[in-house]
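A structural walkthrough
Residues per chain are reported as follows:
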Amino acid sequence: MLRAWDPSNENVLRVCRVSCLYAKLMCCLMVSDTIRYTTSSLVISIISTLHSLWDALYKRSNSKHSRASCWLLVLVLQSCSCYFSTSNQLNTKFYTDPVEAVKDIPDGATLLVGGFGLCGIPENLIGGLLKIGVKGLTAVSNNAGVDNFGLGLLLQSKQIKRMVSSYVGENAEFERQYLSGELEVELTPQGTLAERIRAGGAGIPAFFTSTGYGTLVQEGGAPIKYNTDGTVAIASHPREGREFDGRHYIMEKSITGDFALVKAWKADRAGNIIFRKTARNFNQPMCKAARKTVVEVEEIVDIGSFAPEDIHIPKIYVDRLIKGDGFEKRIERLSTRKPEDTKSKQKKGGDNVRERIIRRAALEFEDGMYANLGIGIPLLASNFISPDITVHLQSENGVLGL
């Protein structure tokens, strides 16, 4: 085989260069933390081009010895890249202390924090951040908990500089800091927020959506931060608009983070995780959209306890994992039936107005419709649907026991 090496053969040297480039690309992909950000179609295109070039040079080789040299080089270089593909760098690291799991998060980091309301929030990891005192954080989360729980604790301690959220929610401190100019808030439509995070994890830099077209979301100028006198200090930028098939869309950029803090239900000892029901919410896409994903779970089980098809997030996306000591799982607004609730009450004047509004809205339902009911008056719509039609209702409220 040594006789096959012919450094004077120009085609062999070209194949060497192409093979080395191919091997370097494969090695970089296997060992780099940015593998989850790489657009797969781009990688496939580059490898396909290199393979085509190698094939063309191989066919132009004038002798069996030259061709044997090509194959020998490729086999050696592919063996090297296979070594890196089994690197231990991809193993999930297990922790026992939430402070240890988050202590290297630097000031100014961008955090993706899972949860919806108080459902599925990483309680223990948020407590760890509170203890280490990291400052200037940008937190991407559907909302910011409540005044004294969840991300609300980090707002109280002034550790968060900017919130990227869809809902101010039940957090009065969140509202106060925003309106007084102490906090930057980038309000984003809820579905758009979810897709921006999902796109970030898929390596998609931007996408088009019709949501927000014709509003301040598209036009720009929405207040992100106020001055103390109430004037706008930082305003949102206008979005690029496009028309597809006669419908208008705006471009939204994807979201990625330095760290994702995620709450899951169970994990196996390899690091694969599953969520419980709707507590999956924003947690699942966030696992794939951050450079480092830190997950807290309620239970750790043996490998093989999960059927492969039941795993929601495989271990390759889980960098650190901790079993939480306890989960309070608060309910934002606890409402229970009281004995006097069964007695008829005289309606207030405002009750009649609310009822008239929703009765009129319910007349818009048609047989077979699907409807999403938002919080507040819309939830009353189910009381006034005609018994002669079937309407499929979906609502984000009232999910308990997670």
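Quantities reported herein were computed from a predicted structural model and do not represent experimental measurements.

1. Some remarks on the overall build of the protein chain
- Regarding its fold elements, the protein chain presents 11 helices and 18 strands.
- Sorting the 402 residues of the protein chain into buried and exposed places 38% on the buried side.
- Put simply, of all contacts in the protein chain between residues at least 6 apart along the chain, 69% involve residues at least 24 apart.
- For the protein chain, the computed accessible surface area is about 22,500 Å², with 54% contributed by carbon and sulfur atoms.

2. A short note on the pairing of strand β11 (residues 257–263)
- Counting buried positions over the 7 residues of β11 gives 6, a clear majority of the element.
- Where strand β2 (residues 110–113) lies against β11, 3 bridges are found, and the strand directions are parallel. What sits directly across from L112, in β11, is A260.

3. Some words on the sheet that holds strand β12 (residues 266–268)
- Within the open sheet, the 3 strands sit side by side as β13-β12-β15. Their pairing is mixed. Taken across any chain shown, the strands that pair with only one partner, and hence form the sheet edges, are β13 (273–274) and β15 (299–301).
- In the sheet, β12 pairs with β13 via 2 bridges, with the strands oriented antiparallel. The residue bridging A267 from the neighbouring strand is I273, located in β13.

4. Topic: the pattern of salt bridges
- Summed over all chains, the structure comprises 18 salt bridges.
- Across the salt bridge formed by R320 and D104, the nearest N and O atoms sit 2.7 Å from each other. Of this pair, R320 sits in strand β16 (residues 320–323) while D104 sits in the loop between α4 (98–102) and β2, and the two are 216 residues apart along the sequence.
- Overall, D104 belongs to the partly exposed group, its relative accessible area being 41%.
- Where E328 meets R330, a salt bridge forms, and the shortest distance between an N and an O atom there is 2.6 Å.
- For E328, a relative accessible area of 47% puts it in the partly exposed group.
- With a relative accessible area of 30%, R330 lands in the partly exposed category.

5. Considering the nonpolar core
- Ranked by internal contacts, the top residues of the largest apolar core, which has 28 residues, are I105, L111, L129, L151, I160, M163 and L261.
- If you list the elements that add at least two residues to this core, you get α4, β2, α5 (123–132), β3 (137–140), α6 (152–156), β4 (160–165), α7 (172–179) and β11.
- Considering every element that reaches this core, the biggest residue donor is α5, with 3 residues.
- Excluding its chain neighbours within four sequence positions, the residues that come into contact with L129 are V102, I105, L111, V134, L154, Q159 and L261.

6. Some remarks on α7
- Every buried residue belonging to α7 is among E173, F174, Q177 and Y178, and all of these are buried. Across the axial projection of α7, the buried residues extend over an arc of 130 degrees, all falling on one side.
- Buried-residue contacts for α7 involve α6, β4, β5 (184–187) and β7 (223–226).
- Of the residues flanking the start of α7, the one acting as N-cap is N171, its side-chain oxygen 3.1 Å from the backbone nitrogen of E173.
- Immediately downstream of α7, the backbone of G181 shows phi near 85 degrees, a positive value.

7. So, the packing of aromatic side chains
- Enumeration over the complete set of coordinates arrives at 3 aromatic pairs.
- A ring pair is formed by Y178 and Y226, whose centres lie 5.4 Å apart and whose planes are at 55 degrees; its orientation type is tilted. With Y178 in helix α7 and Y226 in strand β7, this residue pair connects regions lying 48 residues apart in the sequence. Residue Y178 shares its accessibility class with Y226, and that shared class is buried.
- Across from the ring centre of F327, 4.9 Å away, lies the NZ or CZ of K263, which sits over that ring.
- Its guanidinium or amino end placed over the ring of W265, R276 lies 5.4 Å from that ring's centre, counting from NZ or CZ.

8. With respect to the pairing of strand β17 (residues 370–373)
- Of the two faces of β17, the one holding A371 and L373 is buried and the one holding Y370 and N372 is not buried anywhere.
- Judged from the 4 bridges that link them, β17 and strand β18 (residues 392–395) form a sheet pairing that is parallel. Within β18, the residue paired with Y370 across the bridge is H392.

9. Notes on the side chain of N283
- With respect to the helices and strands, the residue N283 is situated in helix α10 (residues 283–287).
- In this structure N283 comes out as buried when scored by relative accessible area, which is 0%.
- Residues within four places of N283 in sequence aside, it is in contact with G114, G115, G120, L261, V262, K263 and F275.

10. Let's talk about the environment of M286
- With respect to the secondary-structure elements, M286 resides in helix α10.
- Of the residues examined, M286 reaches a relative accessible area of 0% and is grouped as buried.
- Measuring from C-alpha to C-alpha, the distance between M286 and G201 comes to 7.4 Å, with 85 residues separating the pair along the chain.
- Setting aside its immediate chain neighbours within four residues, M286 contacts L112, V113, G114, V140, S141, I197, A260, V262 and T293.

Thresholds, definitions, all that
Residues numbered from 1 in each chain as written. Predicted model: local features only at pLDDT ≥ 70, side-chain atom pairs only at ≥ 80, totals over all residues. Heavy atoms only, no water. Helix = DSSP H or I, 4+ residues; strand = E, 2+ residues; numbered from the N terminus. Buried < 20%, exposed > 50% of the residue type's maximum accessible area, 1.4 Å probe, protein only. Contact = heavy atoms within 4.5 Å. Areas by Shrake-Rupley, 256 points an atom, 1.4 Å probe, with all protein chains shown as cover. Pairing = 2+ DSSP bridges. Salt bridge = Lys/Arg side-chain N within 4 Å of Asp/Glu carboxyl O. Core = buried A, V, L, I, M, F, W, Y, C linked by side-chain atoms within 4.5 Å. Arc of directions from axis to C-beta. Polar contact = N/O pair within 3.5 Å; in protein donor to acceptor, adjacent residues only side chain to side chain. Phe/Tyr/Trp six-rings, centres within 6.5 Å; stacked < 30°, edge-to-face > 60°. Lys NZ or Arg CZ within 6 Å of the ring centre and 35° of its normal.

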